[in-house]
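Take a look at the letters that make up each chain.
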Amino acid sequence: MRIGYPCVNESLDCTSSATFRLASYSDERVELAVASNLLCLQRILEYNVANELRFFRISSGIVPFGSHPINTFPWQTRFAAEFQAIGDYIKAQRMRISFHPDQFVVLNSPSEDIVQRSIAELVYQGSMLDLMGLDSTAKLQIHVGGLYGDRDLAISRFVATYRELPVAVQRRLVIENDDRLFSLRDCLRVHEAVGIPILFDNFHHECLNHGEPMAEALRLAAGTWHPERDGILMMDYSSQQVGERKGKHTSTLEEELFREFLTHLHGLDVDIMLEIKDKEASACRAVSVLRELQLVAAEAAPQS
DNA sequence: AGCAGTCAAGTTGAC
DNA sequence: GTCAACTTGACTGCT
C-alpha cells in the first residue's frame, strides 16, 4: 500500500506548474517553464520519498500549453534526458504515478472538436509517462464526462471514443466514479464494455451510489484492475467537510474516519491518494495511522 | 511589494 | 441568466 497526495507540495517553496498567458507565448518561455517545473517535480519526489509518500499525482501543467496547437516547441526531445532521470528515480524508489487531466477533457462530448482536443491532452500527459519510461501501472485518470440528458447515450459515446483511442492512451486510461453524474455502477458498465479499470473514489461513492456497501464497492472496483497490466487498485480518499455543502472535501484528514474506512479493505491492497486540502500534511498523518496498523508496504523501501 | 483581476479548454446545478 | 465547483493556482498589470 502506498499513500500519496495530488500535484502541489505546500512545504516546498517551488511550483511544478509555472506557466504564462497564451498571449505572451514563446518557445523560450516554454523551455524555461518546463526546466523549472521538472526541477521542482524532482524536489517534490525527493520530499515524498523522505516522508514515505510513494504515490503522487503530477500536475497537468508541467508543459505549458502541452496540447495546444500554439506549442510547437520540441519539449519531448529537449527534455528527454530530464524526464528519463525522473522516471529512473521513480522506478528506483518504487513510486506510483498518476495524472488527472482536468475538466476540459471530455471524451463523451457530442462535439467532435472537444473530443479531439481531449484526446490531444491525453496524448500529451501520457507521453510524459512514456518519456519517464514508466509502465502501464502509471495511469491517466478521468471521469466518464457529461450526461447530456441521456445516460445510455452518454455512456455509449464514451465507449465508442475509447475504442478509437491511440493504444498509448488506452493502456493508461482509467475512469473514476464521480459524485453527481456517473456512479460506480455506471463505471462498471463501461468496464464491462471495454475493460477499462475503475479508479475508486470513496467520497464520491458516499455521495452517489446504489446501496453498495463500502467493502463491496472496493471489491468491485479492484476487480476491474488487471494485476500485471494495471497494478493494484488506485483510489482517491476524502471525507465531507462538516457544515459545508455535500461533496465539499475536508480541509484536513479526519483520522477516525480514515481508520474506519480502512476496516472495509479486508486485506485488499490499494494505493491511496488523499484528496485533502492540506496536501502532504494529511498524507503524512495517514502514513502514521497506517504505520500504527502496519499496513504500509515494507517492500516499497529501496533495495540497498 | 502587494493586490485584484484574469487566465485555453467543459458541464452541471445552485442561486 | 450568472456563477461556483471541479484533482491543483499562477501570471499580469496596477497601485
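Scoring rules and cut-offs
Residues numbered from 1 in each chain as written. Chains lettered and ligands numbered in written order. Predicted model: local features only at pLDDT ≥ 70, side-chain atom pairs only at ≥ 80, totals over all residues. Heavy atoms only, no water. Near = heavy atom within 4 Å. Polar contact = N/O pair within 3.5 Å; in protein donor to acceptor, adjacent residues only side chain to side chain. Helix = DSSP H or I, 4+ residues; strand = E, 2+ residues; numbered from the N terminus. Contact = heavy atoms within 4.5 Å. Pairing = 2+ DSSP bridges. Axes fitted to C-alpha atoms, helices over the stretch in contact; angles between N-to-C directions.

Draft legend 1. Fine view of the protein's contact with DNA strand C. If you check the shell around DNA strand C, you find 21 residues, and the closest are Thr19, Arg21, Asp102, Arg245 and Lys279. Counting only atoms of DNA strand C within 4 Å of the protein, the fraction found in sugar and phosphate groups is 65%. The contact in question runs from a phosphate oxygen of DNA strand C to an N or O atom on the backbone of threonine 19, over 3.3 Å. One nitrogen or oxygen atom from the side chain of arginine 57 is found 3.4 Å from a sugar or linking oxygen belonging to DNA strand C.

Draft legend 2. The arrangement of the environment of tryptophan 75 in detail. Here tryptophan 75 lies in helix α2 (residues 75-78). C-alpha of tryptophan 75 to C-alpha of aspartate 102: the two residues are 27 residues apart in sequence and 21 Å apart in space. The contacts of tryptophan 75, once residues within four sequence positions are left out, are Val63, Gly66, Ala80, Phe83, Tyr124, Ser127, Met128 and Leu131.

Draft legend 3. Focus on the sheet that holds strand β6 (residues 198-201). The strand order around the closed barrel built from eight strands is β1-β2-β3-β4-β5-β6-β7-β8, with neighbouring strands paired in parallel fashion. For this sheet, the mean angle separating the axes of adjacent strands, direction not counted, is 30 degrees. The sheet contact formed by strand β2 (residues 55-58) and strand β3 (residues 96-99) spans four bridges and is parallel. Across the sheet, isoleucine 58 pairs through a bridge with phenylalanine 99, a residue of β3. Running at roughly 150 degrees to strand β4 (residues 139-142), helix α4 (residues 112-131) makes contact with β3, β4 and β5 (173-176) of the sheet. Running at roughly 150 degrees to strand β7 (residues 233-237), helix α11 (residues 255-262) makes contact with β1 (3-6), β7 and β8 (270-274) of the sheet.

Distances and angles like these do not, on their own, reveal function.
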